[in-house]
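# Report on the structure
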2 protein chains.
Amino acid sequence: MNACDLALPNITALKPYQPGKPIAELERELGIKNIIKLASNENPLGPSEAVLAAIATATKDVTRYPDGNGFSLKAAIADKYQLDHHQITLGNGSNDVLELLARTFVSAQDEVIFSQYAFAVYPLVTQAIGAKSVIAGAKDYGHDLDAMQRLVTGKTKLIFIANPNNPTGTHLSSEALLTFLDQTPENIIVVLDEAYVEYTTQTSNTVDWLRRYPNLVITRTFSKAYGLAALRVGYSLSSPAVADVVNRIRQPFNVNSIALAAATAALGDHDYIAQTKQANELGMQQFELGFQALGLDFIPSKGNFICVGVKTKAETVFHSLLQQGVITRPVGNYGLPQHLRISIGHESENQRCLDALTMALELKHD
Amino acid sequence: MNACDLALPNITALKPYQPGKPIAELERELGIKNIIKLASNENPLGPSEAVLAAIATATKDVTRYPDGNGFSLKAAIADKYQLDHHQITLGNGSNDVLELLARTFVSAQDEVIFSQYAFAVYPLVTQAIGAKSVIAGAKDYGHDLDAMQRLVTGKTKLIFIANPNNPTGTHLSSEALLTFLDQTPENIIVVLDEAYVEYTTQTSNTVDWLRRYPNLVITRTFSKAYGLAALRVGYSLSSPAVADVVNRIRQPFNVNSIALAAATAALGDHDYIAQTKQANELGMQQFELGFQALGLDFIPSKGNFICVGVKTKAETVFHSLLQQGVITRPVGNYGLPQHLRISIGHESENQRCLDALTMALELKHD
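About the thresholds
Residues numbered from 1 in each chain as written. Chains lettered and ligands numbered in written order. Predicted model: local features only at pLDDT ≥ 70, side-chain atom pairs only at ≥ 80, totals over all residues. Heavy atoms only, no water. Buried < 20%, exposed > 50% of the residue type's maximum accessible area, 1.4 Å probe, protein only. Helix = DSSP H or I, 4+ residues; strand = E, 2+ residues; numbered from the N terminus. Polar contact = N/O pair within 3.5 Å; in protein donor to acceptor, adjacent residues only side chain to side chain. Contact = heavy atoms within 4.5 Å. Buried area = accessible area lost by both parts, 1.4 Å probe. Salt bridge = Lys/Arg side-chain N within 4 Å of Asp/Glu carboxyl O. Domains from an automatic or database assignment. Nonpolar A, V, L, I, M, F, W, Y, C, P; charged D, E, K, R; others polar. Arc of directions from axis to C-beta. Pairing = 2+ DSSP bridges. Axes fitted to C-alpha atoms, helices over the stretch in contact; angles between N-to-C directions. Least-squares fit on C-alpha atoms with pLDDT ≥ 70 in both. Parallel < 35°, antiparallel > 145°, perpendicular 65-115°, else oblique. Left-handed = near helix turned anticlockwise from the far one by under 90°.

With seven of ten residues buried, helix α10 (residues 240-249) of chain B is to be regarded as a mostly interior element. When α10(B) is considered as a whole, its buried residues turn out to be B:Val242, B:Ala243, B:Val245, B:Val246, B:Asn247, B:Arg248 and B:Ile249.

Below, the structure written as structure tokens:
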């Protein structure tokens, strides 16, 4: 018996997502300490007091199953966005929600459209179903919505749009998105992935668009600005009808109790988000100025990370940085073999990364 | 646009799993306090000191992504069972692992065999794929392995066996299981769901069987005896080849950091498991004697719960118990409309449940 022969061909063809290297893993490999990780777009501020208190309370009940309906968190989200709780689907990170959406609406005979350089989970969830990934070429490293629209066929069931996009940090205007939504047939689900929306300064509230576009689904996460990457909480906002069908396939306890409690607390912690944005803006400037000083081009970013061109094989530079105890993310798997994606960290971490990069690139020139 | 028309027909046909009623939900509905829940087979002992300490440590890093490979937990599991870590697949509860196994090996054209009265997640994950559920009639409320074997066809891809079974608590001998495994073609994945194995006194180590049966997959959970239902950690043990393909479809961060840390601590806490088993045996005796005194038949159980026949519509009795602040689980959805499944709680909770049951059944006789 060969398990690969028994498994479905679309599963054996999968190449799993490569996460950012955990600090503990690099410590084991190199036997060094004092490692910094700027590889997974994590919030450098650490958990807020409100989150720590919520976790401590929830910990008392770890022998109990989570609330499968996520009553308190959904109520908090509904209140924040002035939506009905029936419009919310909770996920084990937004990865879970993205996968549930694909599994709900897309069959092996269907097509899913997304952009070149878009989030790696889109092709993965499409491939896991055995559906066809239809990839639109990028424009200036960002989504080319016209190109995406031209790829729509009778088989298109779902379109993923990341705004801001990961790993490039590019951003689409509300006007461009509204034009796209107006042009897209109502029988195609449009998933607007706003994992990094809290870092932008966009003024229009995309949640208001749900009333006009019943095929629009907005996904958001607590892993980035809300600082809860460890806990895996994401959600979608949609019409109640879409949420109803997606919730039928959702695992009943997909979000754990501590995650539910922490996310509910985080959602009300406006100061934390304000501090997060401010620190991110300063860190972004620090990197932009640092890259300019090094003569390196970067892709202007609206996220909490920045893609920098290193003019050589980024995988080599990545390894050189690892040796210096700095974890970044090479994005060759995104078709950007000469770019590194660097998350915005603390000022001292950003400086250490810039110094290590200087060293790495000079070493290369030896 | 109608979302139900857009969704895949196998998804819209899903009736989601009905979890046990959370205490907070009943509090909101009835406006009462002092509610006890014996509905979800949770460990009544509460979290151990080791688990609380592990959670406190892990909480410091909630802004960081989990280790997607679960290095420490896999190492602890591998050490406990003397297996290679490549034989382990971690899940967001064993629900996640059961779903991943089905999605890896079963297509819409295939068949999945399981028993009448078996765990509700088996038909759900089968239906979500659009595959055919083939249900073998039970024998004395338990699995009839001969009947299951007779249902094997060329389309059978996977067989679920729960031992002990939930919700009935029935148990299969090692000899019966080994005969079944010997008779089952190697190209059919046999999933042996041992969510409640820690409560049994079985002496044979099923993990040893993995060497002889490359198509065998054993699933286990931290939600029951290990007391971590809130945190969602389950796992499968299998051949490395099976684990390899299943891990390709696994969401990269499906188990959260606090769950990984708590489970690693719980696995080494042998005293907690010993106390859990002892308390469960005493509570089981308490319920058995109580039911006998009330003249009620029950299904002898090897789990941490017991199914009692209430000689009338169990849904009515369930509601009467709810009014008295006691949450149990009616199992009409399992085809047992006159049974209640009751989890073994603290001695005082068990007594309160028996008293409430006496009241409920007397009230009915008025």
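Right, picking up where we left off after that structure.
Let us now look at the side chain of A:Gln149. All names here are of chain A. Structurally, the position occupied by Gln-149 is in helix α8 (residues 145-150). On the accessibility criterion, Gln-149 (15% relative accessible area) is buried. Within the structure, Gln-149 has its side chain in polar contact with the side chain of Thr-184 (distance 3.3 Å). When residues no more than four places from it in sequence are discounted, the contact partners of Gln-149 are Phe-180, Gln-183 and Thr-184.

Attention now moves to the interface of chain A and chain B. Across the contact, 75 residues belong to chain A and 75 residues belong to chain B. The contact between chain A and chain B buries some 6,500 Å² in all, and 61% of this surface belongs to carbon and sulfur atoms. Where chain A touches chain B, the interface holds four salt bridges. Between A:Arg103 and B:Glu99 there is a salt bridge; the shortest N-O distance is 2.9 Å.

This paragraph deals with the domain arrangement of chain A. Often, the extent of an interface is quoted as the loss of accessible area on bringing the components together. Residues and elements named next belong to chain A. Considered domain by domain, chain A is made up of domain 1 (19-46 + 271-365) and domain 2 (49-268). Spacing between the C-alpha centres of domain 1 and domain 2 amounts to 26 Å. Facing 23 residues of domain 1, the contacting portion of domain 2 comprises 23 residues. Between domain 1 and domain 2, roughly 1,900 Å² of surface is buried when both sides are summed, and carbon and sulfur atoms account for 62% of that area. There are zero salt bridges connecting domain 1 and domain 2. The tally of links from domain 1 across to domain 2 stands at eight residue pairs in polar contact (both at pLDDT 80 or more). For the side of domain 1 that touches domain 2, the element with the highest residue contribution is helix α12 (residues 270-294), accounting for five residues. Of the residues contributing to the side of domain 1 that touches domain 2, the split by class is nine nonpolar, ten polar and four charged.

For helix α4 (residues 49-59) of chain B, the complete set of buried residues consists of B:Val51, B:Ala54, B:Ile55, B:Ala58 and B:Thr59. What you see down the axis of α4(B) is that its buried residues fit within an arc of 135°, all on one side. Looking at the buried side of α4(B), the elements it contacts are α4 (49-59) and α11 (257-267) of chain A together with α11 (257-267) of chain B.

With that settled, consider the sheet that holds strand β8 (residues 234-237) of chain B. Residues and elements named next belong to chain B. Spatially, seven strands are ordered β2-β8-β7-β6-β5-β3-β4 in an open sheet, and the strand pairing comes out mixed. Unpaired on one side and paired on the other, β2 (88-91) and β4 (132-136) mark the two borders of the sheet. With strand direction ignored, the average angle separating the axes of adjacent strands in the sheet is 20°. Sheet topology places strand β3 (residues 111-115) next to strand β5 (residues 156-162); three bridges connect them, and they run parallel.

With that settled, consider the relation of the copies chain A and chain B. The operation relating chain A to chain B is a screw motion whose rotation component is 180°, with 0.0 Å of axial translation and a residual RMSD of 0.0 Å. Taken together, the turn and the small shift mark the pair as related by a two-fold rotation axis. Looking at the interface residues of chain A, 100% of them are also at the interface in chain B, so both copies use one shared face.

It is worth spelling out the packing of helix α5 (residues 71-81) of chain A against α11(A) at this point. Residue and element names in this part refer to chain A. Closest axis-to-axis distance for the α5/α11 pair is 9 Å, and the angle between their directions is 20°. By the angle between their axes, α5 is roughly parallel relative to α11. Note on packing geometry: the crossing formed by α5 with α11 is left-handed. Taking contact as the criterion, the partners of Ser-72, Leu-73, Ala-76, Ile-77 and Lys-80 in α5 are, on α11, Leu-260, Ala-263, Thr-264 and Leu-267. For the contact of α5 with α11, the per-class residue count stands at six nonpolar, two polar and one charged.

Attention now goes to the sheet that holds strand β4 (residues 132-136) of chain A. Strand pairs in the sheet, formed through backbone hydrogen bonds, run parallel or antiparallel to each other. Residues and elements named next belong to chain A. An order of β2-β8-β7-β6-β5-β3-β4 is seen for the seven strands of this open sheet, with the pairing classed as mixed. Across the chains shown, the open sheet's two edge strands, defined by having one partner strand only, are β2 (88-91) and β4. The mean angle between the axes of side-by-side strands here comes to 20°, regardless of whether they run parallel or antiparallel. Here strand β7 (residues 216-221) pairs with strand β8 (residues 234-237) via four bridges, running antiparallel.

What follows deals with the packing of helix α6 (residues 94-105) of chain A against helix α10 (residues 240-249) of chain A. All names here are of chain A. Between α6 and α10, the shortest axis-to-axis distance is 9 Å and the interhelical angle comes to 100°. As far as their axial angle goes, α10 and α6 are roughly perpendicular. Here Leu-100, Leu-101, Arg-103, Thr-104 and Phe-105 of α6 come into contact with α10, specifically with Val-242, Val-245, Val-246 and Ile-249. Residue composition of the contact of α6 with α10, grouped by class: seven nonpolar, one polar and one charged.

In this structure, the amide linkage connecting A:Asn166 to the following residue, A:Pro167, adopts the cis form with an omega of 15°. With respect to the helices, strands and loops of the structure, A:Pro167 is situated in the loop between β5 (156-162) and α9 (174-183). At the junction of B:Asn163 and B:Pro164, the peptide bond is cis and its omega measures out at -5° in the coordinates. By secondary structure assignment, the location of B:Pro164 is in the loop between β5 and α9 (174-183).

Turning our attention to the pairing of β2(B). Residue and element names in this part refer to chain B. Of the two faces of β2, both are covered, the one formed by Ile-88 and Leu-90 as well as the one formed by Thr-89 and Gly-91. Two elements, β2 and β8, share four bridges in a ladder whose sense is antiparallel. Each bridged residue has a counterpart across the sheet, and for Ile-88 the counterpart in β8 is Leu-237.

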